Amino acid sequence: MKWIKTLFVACFVAFIALVGIGTLDNKEPQSPIEARTLTQFPDLDYSKLKDENYLTTISNAFSDQLSDREEKIKQYNDLIVNKLHMKYVGAVSIGKNGNLYEQPQMIEDYTAYDKEAVKCAKLINKEAAKIAKTGAKFIFISIPRKDVVMRDDLPSYYPDSEKDYERYIKIMKKELSSDVILIDAKKILEKSEDKQVYYKVDHHVNATGGQLLYQRIMEIAKEEFPETEVKTLDDYRVKKNVVKGSFNRKLAYVLPKEKEELNVRPKWKLKYHRESSKVPLFGKDNTYGSAFMGSDYAYTKVTTEQKKAPSFVLCGSSFTNILEAFLVPSSRQMISFDYRHNNSEKSLADQVKEIKPDYVIYMPNQSDIHFSYDTFKLHLGLR
């Protein structure tokens, strides 16, 4: 294998001559299109020129720091999407009516998949039992992938992940204890008269989908807090915008720009206090994160003057953002945790014990990987 490493060094020198020494000076930290940190060139160390990890870092840095890299990515995607009219570009699939999808993880071992689902259910039961002792109700929202709900616009030959979700939710319904109130978001979203319940170019539910989930939560809360005011989408001004989503970003935004409902503003004077932040609940920018709560935060606390309304604690990933914003007008206090960014040693159950809310809403992320145990554990604040 020594000759291969020697050959790499020779190719490395030749490549420098071809692309120019200038590439070595590039120090771009982030790729806006790929939304990731770019590899930087390491300090030149001749003693490591045969070290495999060192050479891999150099190779990745050349790819990441290539001059005009973002423009080259755009040109490539434009060729694939707009000139060759391909429907599958990397992990992104181009469906009907402008809807984009990301292909799901393929399940090869359903026995292992079933065991993982049972394991997740037992984990939820254990933490829900702790939370139940505080007097709070534990609501678990199972949010499916976009392709599970919006199947009519899927492109041909798209991998079927609906059966995987149905298999999973069947196990959950069987295994979850009485301490858990399960909301199967698939059943709720499928009943919508407006079938566009997710953004066309993003994996999150839109205002229509978010309102449906909010309404279901409030049906539960109204049983104990009958005087709580429940808002509808008619109580908001909904503005269309060109959405910068997670799917069209991966295509370098080369598809024709189409406006869709994104920015939501209350028609009434919403009074609230957001602790340690002046970021509005409902923003004006053109991403899901900026439209609802401003972004993903490790910890958020919002209080209102509604003394007879319930208090909520939400825990999950960015999927909770839209619910956080919609729940504030119907709560006296709304607190959220995102353990992807929160380094607290206290678990969700520990936090609830101190906060003593009326309801805990747990909504673990489910994107390309189907309901992994590690993801469930993370969003419960268990390290």
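In case you missed it, the structure is sitting above this.
Below: a short report on this structure. Keep in mind the model is a prediction, meaning the values are calculated, not measured. (Residues numbered from 1 in each chain as written. Predicted model: local features only at pLDDT ≥ 70, side-chain atom pairs only at ≥ 80, totals over all residues. Heavy atoms only, no water.)

Remarks on the packing of aromatic side chains
Move 1: Going through the model one piece at a time under the given rule, you end up with 20 aromatic pairs.
Move 2: With 5.3 Å between their ring centres and 70 degrees between their planes, Tyr-236 and Trp-268 make a pair best called edge-to-face. Here Tyr-236 is found in strand E8 (residues 236–242), whereas its partner Trp-268 is found in the loop between strand E9 (259–266) and strand E10 (273–274), with 32 residues between them in sequence.
Move 3: The buried category is assigned to Tyr-236, whose relative accessible area is 3%.
Move 4: Given the relative accessible area of 25%, Trp-268 is considered partly exposed.
Move 5: Plain terms: the ring middles of Tyr-236 and Phe-326 are 5.4 Å apart, the flat faces sit at 70 degrees to each other, and that makes the pair edge-to-face. In this pair, Tyr-236 is assigned in strand E8 and Phe-326 in helix H12 (residues 321–327), connecting sequence segments 90 residues apart.
Move 6: Taking relative accessible area as the criterion, Phe-326 reaches 0% and is therefore assigned buried. (Phe/Tyr/Trp six-rings, centres within 6.5 Å; stacked < 30°, edge-to-face > 60°. Helix = DSSP H or I, 4+ residues; strand = E, 2+ residues; numbered from the N terminus. Buried < 20%, exposed > 50% of the residue type's maximum accessible area, 1.4 Å probe, protein only.)

Observations regarding the sheet that holds strand E4 (residues 92–94)
Move 1: Taken together, the three strands give an open sheet; going across it, the order is E3-E4-E5, and neighbouring strands pair in antiparallel fashion. Strands with a single pairing partner mark the edges of an open sheet, and in this sheet they are strand E3 (88–89) and strand E5 (100–102).
Move 2: Of the pairings in the sheet, the one linking E4 to E5 comprises three bridges and is antiparallel in character. Following the sheet pairing, Ser-93 is matched in E5 by Tyr-101. (Pairing = 2+ DSSP bridges.)

Some words on the nonpolar core
Generally speaking, a soluble globular protein has its nonpolar side chains buried in company with each other.
Move 1: Counting residues in each nonpolar core, the largest one holds 61 residues, and the members touching the most others are Phe-292 and Leu-323.
Move 2: Aside from chain neighbours lying at most four places away, what touches Phe-292 is Tyr-199, Leu-262, Val-264, Leu-281, Phe-282, Asn-321, Ile-322, Ala-325 and Phe-326.
Move 3: Core analysis: the second largest hydrophobic core is formed by 33 residues, Leu-123, Met-172, Leu-176 and Phe-376 among them. (Core = buried A, V, L, I, M, F, W, Y, C linked by side-chain atoms within 4.5 Å. Contact = heavy atoms within 4.5 Å.)

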